[in-house]
Each structure stands twice: as C-alpha cells, then as structure tokens.
Amino acid sequence: MAADKQLSQPVTALKGVGDKVAERLIKIGVQQVQDLLFHLPLRYQDRTRLMPLGALRLQQEVLIEGVIQLSQVKFGRRRSLLCHVSDGTGAIILRFFHFSKAQQQQLTKGRRIRCFGEVRNGPASLEMVHPEYQLLAEEGAVPVENELTPVYPTTEGLHQLSLRKLIKQALSCLDQETMPELLIDGARLHQSAEYSLVDALQYVHQPPPDAPVQQLLDRHHPAQKRLAYEELLAQQLTMKKLRAQTQHHTAPVLQAKQDKRQALLDVLPFPLTQAQKRVTHEILQDMAEPRPMQRLVQGDVGSGKTVVAALAAIEAVASGCQAVMMAPTELLAEQHFRTFVNWLSPMNIEVGWCAGKQTTSERKQMLARLQAGEISVAVGTHALFQDEVVFNNLGLVIIDEQHRFGVHQRLALRDKGCDIDSMPHQLVMTATPIPRTLAMTAYADLNISVIDEMPPGRTPVTTVVLPDNRRHDVIERVYAACQQQRQVYWVCTLIEESEHLQCQAAEDTATSLQDSLPDLRIGLVHGRMKTKDKDTVMTAFKEGQLDMLVATTVIEVGVDVPNASLMVIENAERLGLAQLHQLRGRVGRGQIESHCVLMYHPPLSENGQARLKCLRETNDGFKIAQRDLEIRGPGEVLGTRQTGLPQFRVADLIDDQDLLSVMDNAANVMLKEAPKQADALVNRWFAHKIDFGNV
Ligand code: ADP
Ligand code: MG
C-alpha cells in the first residue's frame, strides 16, 4: 500500500525534485511519479558493448576504447585539439573545438580512453567530435552498462541525465502491486501477451543489451505495442462510457408514415443515390428507437448529405417533435436555411433562422416562436447554443461539418432537448473522410454511416499546381473561362489567423484583379461583411450576375454554384489538405469540366510539395484524408481538442493503426467481464485528461 502511494504521489516526493524541476516536468506532462513511467524514450544509446575501431560505421553512436597515439593542437579555420586513438583493429580521431588547458594536459599520448559519441567523416579519417569521454587506468577491464541507455524527450532546463535519474527512481517503485495488471485474458493483445504492463514499462525504459534496437526505434517492439494498446483501450473505454451514459436516457420515438418523406422525394429533381438511401434508412431505424441516436454520417464534399438531413428532419416533425440543424459558418447555415425553406415550407413545415448577426427584434420573435413550438425546424450557427434558445419539444439535433465543433458543443446542443431522463436524437455529418479505424477511435461514442457514392454526372476536377510568379497566366485563364460564360472563384488565404487581415487581403486582391480584368464583373465576400451584403453578393454570383467571386476561406463549406468551373486558391501551401479538398469541392458540381489552380509562393518545402502533389493526383476524399493524416498527424486533421481524442502519451494513431481494429472488441470484453478494471484503466491513463463536461 505504501508503495502504491508512491506512484500516485506528486513528483516532488522524489529525491532531487524541487519546485523548479517540478515546473519543468509539468511541461512534459509529468505531475505524478507514475507519469514518469509513461514518459517513454525517444531512442536508445548502446553503451553495453565496446565497438572495435575497425568495425565503425558512419553515423553510428557507439562506445569505443583505445590508446591515444598522438595528441596535437591544429590551427586551421578553427583551432582544435585532435587526439588520434587506436585499439589494434583500427583508429579514429577525437576532435575538440573547445578545450581547457587541463584537458589538453590530460589527453596525452599513451593514455587509455573510453568515449561515447557519433562516428563522422573527418577530413583525414573517421572522427568523433566532442565525445563524452572517460580516462581509464592503464590496466584492467572497466565494466560497461548492463542496459541500453534511454534518451528521453525533455525540455529546456531539464537535463537528460537528471530526467534519466528521476525515471530510474520511479522505476524502483514499480511492481505488480503498485501497478496492477488490469487487462483480463480476453482483452489482451495477442502479439504481446507475454508482457504485463510492468514488464513492458521496465523493458522500454531499460532494454537488455540484446534488445532489437531497430525494432524499438521503429516502435514495433511487442513491449511498446503493449503500452500503446493499453492506452488506446483506455481511450476507447472512455468513449464507450460516454456512449453508455447517453444510452441510459430515453429518446422520443420518431417514426412517421413514408408519405411525408415521399413528398420531398417527389419534388427533388433527382433520385437518391443508393448510398443516400442506405444511410437514410440507417438513420430512420435509429430514430424509431426509444434510445438517443448517436450517428455520424461521413460523406465527401458533394455526396449529398443535406437531403439526408432534411429527410431526418421531416421524420422528426411528422412525429410531433422539433429538429435543429447547426452549421459552422453563417454562410453555410444560411444556405441550409434557404434549402430547407425551399424543401419544407411547401409541406407546411415552418423553418426558423438563428444566427449571431440577427437584429434583436428578429431574434426575439424567432426565439418566442421556437419556444412556443410554432417553428418546427431551426437552422443556424453556434448562436443556437446560447441559453436563451429554448425549444418546445426538441427531438432531433443535426450538426453539419462536425469537425468544426468540439465534443462539448455537440453535447451542449443535445442537452437543450434534455429533461430528466429524455434526450434528443443526434445526427452529425462530416465531409472529412476519416479512415474507418480512426473514426472508430475518435468518434467511438457514435455509430458511423458512410455515403460512399457521388451523385451521377459529376466531372472530376482537374487540378494544377503553379508558383505565384505565374499569376499573370492564371489571370489569363480566368479571363478565358469567363469568356466561355463560366464563373470563377478566387480564394485568398493568409497565414495570419486574424480575420481582419484576411478580409483586407481579399479586398486588395479584388481591387487588383478588377484592375487587371476591367471587363469582368467581380464580387467580394469575406467574414466581416454584413450578412445582408454577403447574401446579396452570393446571390448575384449564384444567379450569374457576377463572373468572379473573390473570397476568403468562408466559402469553404457547402455553397453550391454549378456553373462555377474554375477555382484559384492563393497560398495553397498554407492550408491543410482536407481544407483544400473542401474548397475544391465548390467546383465540379455540374456537368462542365472544371479546374482548380493551386498557387503557391516559392520556394515550396518538400512537405508542401508532397501535399499539393497529392491533391493534383486524386479527387478521392478518403485517399486525401489518409495522406493528410500521414503528413500532418491525426491531431491536426481532426483537431485534437475538437474531438474526443486526447493527447496520447504512448500511442500514435498512424503507427498503431493496426491496433485500432481490435480495440472495439477488447473494450466490449472489458466492459462486460471486468467493469471495475475498465474503470481503473480509464483512471490510470486519462484520470484528468478528458473532460466532457456534464454528461
Ligand atoms: P454535401 O454532402 O457536400 O453537403 P450537398 O448536400 O450540398 O452535398 O449536395 C451537393 C449537390 O448535389 C447539391 O446541389 C444537391 O442538390 C445535389 N445532389 C444531392 N443528392 C443528389 C443526387 N442523388 N443526385 C443528383 N444530385 C444530388
Ligand atoms: Mg454540406
């Protein structure tokens, strides 16, 4: 018991940790003693064996030993002390740029020396520059280390050696009693079943001399997998618990006659795709249950998610409940509002609008009607979260473009329809096509439906990548497109997050483009314009009264103008792949051949080249998401704080993708057969890390 206390004690309980060190440790996520155990090495140094000098290879970090044959100070470009060392099998030069008189007097011919350092190519032979060294007695063997030496990620002011010592102290408190095994047999990872958590931790901090170093460096060692697995499992359990808590509640059964939905289908100018039909069916099945639906619909840009949302809303209203649809931007919310009014008002369904930039009186009226139940479907932005928004009988919450909202916000809106034990159904939609296993991790509290088919008749967008010194050519291309009665988007991006600067840049661009292209009718939209003005411009563009629309990334989501056939994106290298793909999705929405020009400011980094190349090569949102994930990592792609994804300490969602597929099953086994251990597991890994608010 006493030992157990040691692991959960604050690090200040350890020898050598005062307030200063504790502060630095917090920077690397370490507060309790056990956090040190989960602070894993980045790599290892092998000081367990002496490398014969004849066997050295470049770039290796090795331990060597030999006798100094010659020691001299060279005055070249930089003064340096050179010691020629040999061991009978070969030789190497030790090079010191900084050295004291005392060092110079120690490092003399005939001394036996042991060094650790990286082997490099010098002007005359192999060298080690500023190795760690130790002078030895002339005779007798000096022991080497028994284990590989871990190298930890650290922070300024916290020396590698100090960190190593602290972790050693923590390891000395580690055993089966202080860190009990929580995985039950049915939930163990097959490939590393022989490792208990304690074994795995001990192994990765202190690998034996014969450890497969490369495997460790690649993070493929079973001990490492064992740790990543347990962390991922803890995360999965957290999400499942969240889901289970929701499932304790009842939800209104929303089930209406087919004719209500048919009324919409009859007026649509197109039949639903098979994928739309399937996903609609999955949603309706959930809504007909007295448990809250928690479903995520994934579908690439343009796959037709809006109509699926509308069908769900109709079902809710026809069953006597209200529905709400929330979008991340005002522009998109407005478009949804207009679409919903078009589709639903002929069926006598009253649609209301709620956004930040409404006048007070408009808003008051709308809120009163919403509360009285006169409005059946509310559409809006996050203004819908506010306390003053009260529903009469909310049965369905639809959230568009989920990746823009956090778990908290999703839950906040849902809670508007909650009374003591009832909750509305939840439908979230995203165009970020997250690979399935990852989605199952990030959204483990949701069921997933995928619209994996595009409506027929779309022509793929051709994408080109150009440096911005070819701007002139691009402008000619714009002109040519407009001559053919096509319309053009010109998207301005800025690295600054400041909306003000973004808008300024868009204004300047619009002015300079108008100068270059005096015949064209050019409009401008950006985030700081009045809703009404934006509206006027967008409508004019939609109706063909404008040839070109200059915009900030506000047009990224949703907006639909089928006659637009060219999109130019400035500073494309500054945007994420998924965002570029979304933007590009604004064109190619009709039958005409469409183009997207990604302009970048040279020189383009290697990473930047890889990203733009990926967009040029494919239009497949899933492939792009996968690449984005590899290039930028899941935190960036999903927005770590935006989802239920915590910052992982050990696991890596790219490297450990292979583990994700078994996670769901393992979590179920734990919950069913060992609920207490499941709780403990969540606490061990995420006690203070995930905060879902009031759930
Ligand atoms: P997203 O999935 O990006 O939200 P939208 O719902 O905005 O896509 O749909 C994109 C465009 O495709 C809209 O103009 C919509 O009317 C149209 N559309 C949706 N479903 C179909 C379909 N089954 N056949 C043809 N066009 C469709
Ligand atoms: Mg959409």
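The rules we used
- Residues numbered from 1 in each chain as written.
- Chains lettered and ligands numbered in written order.
- Predicted model: local features only at pLDDT ≥ 70, side-chain atom pairs only at ≥ 80, totals over all residues.
- Heavy atoms only, no water.
- UniProt positions renumbered as here; feature names shortened; annotations may be inferred.
- Helix = DSSP H or I, 4+ residues; strand = E, 2+ residues; numbered from the N terminus.
- Buried < 20%, exposed > 50% of the residue type's maximum accessible area, 1.4 Å probe, protein only.
- Contact = heavy atoms within 4.5 Å.
- Areas by Shrake-Rupley, 256 points an atom, 1.4 Å probe, with all protein chains shown as cover.
- Near = heavy atom within 4 Å.
- Polar contact = N/O pair within 3.5 Å; in protein donor to acceptor, adjacent residues only side chain to side chain.
- 1 Å grid on protein atoms, 1.4 Å probe; cavity = no way out; pocket = protein on both sides within 12 Å on 5 of 7 lines; lining within 4 Å.
- Sits in = over half its atoms within 2 Å of the grid points.
- Phe/Tyr/Trp six-rings, centres within 6.5 Å; stacked < 30°, edge-to-face > 60°.
- Lys NZ or Arg CZ within 6 Å of the ring centre and 35° of its normal.
- Core = buried A, V, L, I, M, F, W, Y, C linked by side-chain atoms within 4.5 Å.
- Pairing = 2+ DSSP bridges.
- Axes fitted to C-alpha atoms, helices over the stretch in contact; angles between N-to-C directions.
- Points joined across faces, edges and corners; volume = space filled by probe spheres on them.
- Expected span 1.5 Å × (residues − 1).
- Salt bridge = Lys/Arg side-chain N within 4 Å of Asp/Glu carboxyl O.

- Going by an unreviewed UniProt entry, the chain carries the name ATP-dependent DNA helicase RecG and comes from Methylophaga thiooxydans DMS010.
- Per UniProt, the comment on the chain under Sequence similarities (unreviewed entry) is "Belongs to the helicase family. RecG subfamily."

1. Considerations on the overall build of the chain
Alright, step 1. Scanning the chain from terminus to terminus reveals 24 helices and 22 strands.
Alright, step 2. With the C-alpha coordinates of the chain rotated into their principal frame, the extents come out at 100 × 65 × 45 Å.
Alright, step 3. Taken over 695 residues, the chain has a buried fraction of 53%.
Alright, step 4. Partitioning the intrachain contacts of the chain with sequence separation of at least 6 by distance along the chain shows that 75% fall at a separation of at least 24.
Alright, step 5. When the accessible area of the chain is evaluated, it comes to approximately 31,500 Å², of which 49% is carbon and sulfur surface.

2. Considering the site of ligand 1
Alright, step 1. Among the 16 residues in the neighbourhood of ligand 1, the closest are listed as Gly302, Lys305, Thr306, Arg458 and Asp560.
Alright, step 2. Measuring from a nitrogen atom of ligand 1, one finds a side-chain N or O atom of Gln276 at 2.8 Å.
Alright, step 3. Alone, ligand 1 offers 570 Å² of accessible surface; in the complex the protein occludes 83% of this.
Alright, step 4. Put simply, ligand 1 lies in the second largest pocket.

3. Details of the packing of aromatic side chains
Alright, step 1. Counted by the stated rule, this structure contains five aromatic pairs.
Alright, step 2. Measuring from centroid to centroid gives 5.9 Å for Tyr195 and Tyr203, while their planes differ by 80°, and the two rings are edge-to-face. Both residues of the pair, Tyr195 and Tyr203, belong to the buried class.
Alright, step 3. Centre to centre, the rings of Phe337 and Trp353 are 5.5 Å apart; their planes meet at 35°, and the pair counts as tilted. Of the two residues, Phe337 is situated in helix α12 (residues 330-344) and Trp353 in strand β12 (residues 351-354); the sequence distance between them amounts to 16 residues.
Alright, step 4. The residue whose ring lies beneath Arg47 is Phe116, and the NZ or CZ to ring-centre distance is 4.1 Å.
Alright, step 5. When the ring centre of Phe97 is taken as origin, the NZ or CZ atom of Arg78, which lies over that ring, is 4.2 Å away.

4. Notes on the nonpolar core
In globular proteins that are soluble, nonpolar side chains generally tend to be buried together.
Alright, step 1. Counting residues in each nonpolar core, the largest one holds 90 residues, and the members touching the most others are Leu25, Leu36, Met179, Leu201, Leu233 and Leu681.
Alright, step 2. The greatest single-element share of this core, amounting to eight residues, is contributed by helix α8 (residues 222-247).
Alright, step 3. The contact partners of Met179, leaving out residues within four places of it in the chain, are Leu7, Gln34, Leu37, Phe38, Leu174, Leu197, Val198, Leu201 and Arg684.
Alright, step 4. Ala313, Ala316, Val377 and Val379 belong to the second largest nonpolar core, which has 35 residues in total.

5. Digging into unusual backbone geometry
Alright, step 1. With omega at 0°, the peptide bond leading from Pro602 into Pro603 counts as cis.
Alright, step 2. In this fold, Pro603 is placed in the loop between β22 (595-600) and α20 (606-617).
Alright, step 3. We note that Gln59 has phi near 70°; this positive angle belongs to a residue other than glycine.
Alright, step 4. Even without being glycine, Gln485 reaches a positive phi, approximately 65°.
Alright, step 5. Assignment of secondary structure puts Gln485 in the loop between α16 (471-483) and β18 (487-491).
Alright, step 6. Under the relative-accessibility criterion, Gln485 is labelled exposed at 59%.

6. So, the sheet that holds strand β19 (residues 522-525)
Picture the strands of a sheet paired through backbone hydrogen bonds; they go either parallel or antiparallel.
Alright, step 1. The sheet built from six strands is open, its strands ordered β17-β22-β21-β18-β20-β19 with parallel pairing. The open sheet has two edge strands with one neighbour each: β17 (462-467) and β19. When strand polarity is set aside, the average angle formed by the axes of neighbouring strands in this sheet is 20°.
Alright, step 2. Inspection of the sheet shows β18 paired to strand β20 (residues 548-551) by four bridges, in the parallel sense. Looking across to β20, one finds that Val491 is bridged to Ala551.
Alright, step 3. Along the sheet, α16 contacts β17, β18, β20, β21 (564-569) and β22; its crossing angle with β18, the most-contacted strand, is approximately 150°.

7. Some details on the sheet that holds β12
Alright, step 1. What the seven strands build is an open sheet, ordered β12-β13-β11-β14-β15-β10-β16; its pairing is parallel. Pairing within the sheet leaves two strands with one partner each, and these edge strands are β12 and β16 (447-451). Strand-to-strand twist across the sheet, computed as the mean angle between neighbouring axes with direction ignored, equals 20°.
Alright, step 2. Note that strand β11 (residues 322-326) and strand β14 (residues 394-399) share five bridges and pair parallel.

8. Remarks on the layout of surface pockets
Alright, step 1. In this model, the second largest pocket occupies a volume close to 1,100 Å³.
Alright, step 2. Forming the walls of the second largest pocket are 37 residues, and the residues nearest its centre are Phe270, Gly304, Arg458, Asp560 and Arg589.
Alright, step 3. Contributions of two or more residues to the lining of the second largest pocket are made by α11 (305-318) and α12.
Alright, step 4. Of all the elements, α12 adds the most residues to the lining of the second largest pocket, at seven residues.

9. Structural notes on α11
Since there are 3.6 residues in each turn of an α-helix, residues three or four apart along the chain are aligned in direction.
Alright, step 1. Taking 1.5 Å of rise per residue, the 14 residues of α11 would be expected to cover 20 Å, and the 20 Å separating its terminal C-alpha atoms lies within 8% of that figure.
Alright, step 2. Most of α11 is tucked away: 12 of the 14 residues are buried.
Alright, step 3. Among all positions of α11, only Lys305, Val307, Val308, Ala309, Ala310, Leu311, Ala312, Ala313, Ile314, Glu315, Ala316 and Val317 are buried.
Alright, step 4. At the C-terminal side of α11, Gly320 shows a positive phi close to 90°.

10. As for the pattern of salt bridges
Any two side chains of opposite charge can pair, given that their charged atoms come close.
Alright, step 1. Within this structure, the stated rule accounts for 31 salt bridges.
Alright, step 2. Where Glu61 meets Arg43, a salt bridge forms, and the shortest distance between an N and an O atom there is 2.9 Å. Separated by 18 residues along the polypeptide, Glu61 in strand β2 (residues 61-75) and Arg43 in strand β1 (residues 43-45) bring together distant segments of the chain.
Alright, step 3. Glu65 is paired through a salt bridge with Arg112; the nearest N and O atoms lie 2.5 Å apart. Within this pair, whereas Glu65 is found in strand β2, its partner Arg112 is found in strand β5 (residues 112-118), the two being separated by 47 residues in sequence. Judged on exposure class, the residue Glu65 and its partner Arg112 are both buried.
Alright, step 4. Linked by salt bridges that have partners in common, Glu181, Asp185, Arg188, Arg226, Glu230 and Arg684 make up one network.

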